[in-house]
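A closer look at the structure
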Amino acid sequence: MSGRRAGREASLIGVRRLMAVAEITGHAAVKAAAKDPVTFSSDLLGDRDVRTYRQLPLEVDPPEHGAYRAILAPVFARPAIAALEPALRAVAAGIAARFAARGHVEAVHELALPMVGASIAIAFGRPQDADELVGWGTESWETMPDGRRDGSRLERYLGRVFAEADEHPGTDAFSLVARAELEGRRLSREERHGLGNLILAGGRDTVIGLIAGAMWHLAAEQGERVRLAAHPGRIPAAVEELLRFLSPLPAIERVATEDISGPWGRAHGGDLVLLGFAAANHDATVFTDPGTVNLERSPNPHVAFGNGPHTCIGVHLARLEARVFLEALLAAVPGWRLDGEPEIAWATVEGSRVPARFDRVPVEVAP
Amino acid sequence: MSIDRLRAAVDRDECFGFGFCADLLPDIFVIDETGHAVARDMDADKALLEQAVGDCPRSAIELIRVPPAVPTG
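Predicted model, so just to flag it, every value in this text is computed and none were measured. (Residues numbered from 1 in each chain as written. Chains lettered and ligands numbered in written order. Predicted model: local features only at pLDDT ≥ 70, side-chain atom pairs only at ≥ 80, totals over all residues.)

Residues and elements named next belong to chain A. On the basis of which strands lie adjacent, the open sheet formed by three strands has the order β3-β15-β12 and antiparallel pairing. Since the sheet does not close on itself, it has two edges, and those belong to β3 (104-106) and β12 (336-338), each with one partner. For this sheet, the mean inter-axis angle between neighbouring strands, taken without regard to orientation, is 30°. Here β12 runs beside strand β15 (residues 362-365); their pairing, made up of three bridges, is antiparallel. Bridge pairing in β15 places Trp336 opposite Val365. Contacts from helix α6 (residues 107-123) reach β3 and β15, with the element oriented near 80° to β3. (Pairing = 2+ DSSP bridges. Helix = DSSP H or I, 4+ residues; strand = E, 2+ residues; numbered from the N terminus. Axes fitted to C-alpha atoms, helices over the stretch in contact; angles between N-to-C directions. Contact = placed C-beta atoms within 7 Å.)

Pasting the structure below:
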């Protein structure tokens, strides 16, 4: 273990550049790279402006990756997430009922944010923290007046919940991490925070974007809303298409461990490269008319959750949140439309304009 | 003349239980109580089986050719 860790630090220092030199695009190339952790290593430290330790298991390679992942697996396993459905339905129903009663809301902060904040608080076994997680707003990192990002709010939260986990161990995710053992030893503070940081930052802002994007897209699609309300069994396919089109995590970093090249460009061993999940999801050779949202698209082999060993550990939770949210909204109100101009940051992905961030999506109940 | 069947097998050491296979072919793949996929030995559409193999994030699914138990020739 110590030998491996030493190797890890050495290779970290060996990263030639801190900015990616190329983005791998194309569905097949991105998928192949994601499945090849030997050539495309995750042995790196990202978000250096807001954290000094690695997100785990995201930023280590197999076999260490598997050991860290196994610690979190009980929280995110399919049966564990399925058991949350009644609780998340209740959250969604409450949010939808408030929208129905008021008639208009700002969907990012008043629908998507409370849905995700409450869902992850429940999923992590700390429902008492729902309001606090909602209070963080749409970004886990704070933005300072000078534009810098700041991670101290998240650090304070992790420090507190791990202290409570040590003092009064419970059944929550942080207690699980706090008492986890790896090769016969307890986890270090950095390892604990690395796991906690990942589960808080990884599935919060992304799912807020997904749900806000669903509200935005469906606001203009009355026919689709009517169809989904009449056939809730088709909501999961709609969620998959929104995942494909929006790709809430558009790309992720890897370190090339050797010189590589492809239609996307070239990189030297030690260079940072990006796996372009959004680009893969807009590959016209795989997805017909990729710039158009087709909520009945089938098959839909998108890589919005990545692929390979680092495939999103929260895939079942993210899908559950989006599905029960849409089921509740479609059941509670006859429909909705935009109530003013939405504030959206756009990106160009393989020639299509795709929302990259939803700042405000005002909506009103509409017949 | 007989045609081999295709049977899916899941490598439990590789499987992380994402369940993409169970979503695609719920009659064939089930996630057991330990969170791993298990493949039932049943006939399934070849194209869907191949899609399950390609979709598995862990490349944990293998297709095995099985000769018919009783030769029909």
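This paragraph deals with helix α3 (residues 64-76) of chain A. All names here are of chain A. Across its 13 residues, α3 extends 19 Å between first and last C-alpha, which sits within 8% of the 18 Å expected from 1.5 Å per residue. Buried residues of α3: Tyr68, Arg69, Ile71, Leu72, Val75 and Phe76, and no others. Against α4 (78-82), α6, α9 (173-178), α10 (189-201) and α15 (315-332) lie the buried residues of α3. (Expected span 1.5 Å × (residues − 1). Buried ≥ 20, exposed ≤ 12 C-beta atoms within 10 Å, placed from the backbone.)

Right, let's talk about the environment of Phe305 of chain A for a bit. Residue and element names in this part refer to chain A. Along the polypeptide, Phe305 turns up in the loop between α14 (277-281) and α15. Along the primary structure Phe305 and Phe277 are separated by 28 residues, whereas in three dimensions their C-alpha atoms are 8.2 Å apart. Non-local contacts of Phe305, meaning those with residues more than four positions away in its chain, are made with Thr311, Cys312 and Val315.

In this section: the pairing of strand β11 (residues 272-276) of chain A. Residue and element names in this part refer to chain A. Most of β11 sits inside the fold, with four of its five residues counted as buried. Of the strand pairs in this sheet, strand β1 (residues 22-24) and β11 are connected by three bridges, and their pairing is parallel. Bridge pairing links Glu23 to Leu274 in β11. Where strand β8 (residues 251-256) lies against β11, five bridges are found, and the strand directions are antiparallel. Pairing of Glu253 across the sheet is with Leu274, part of β11.

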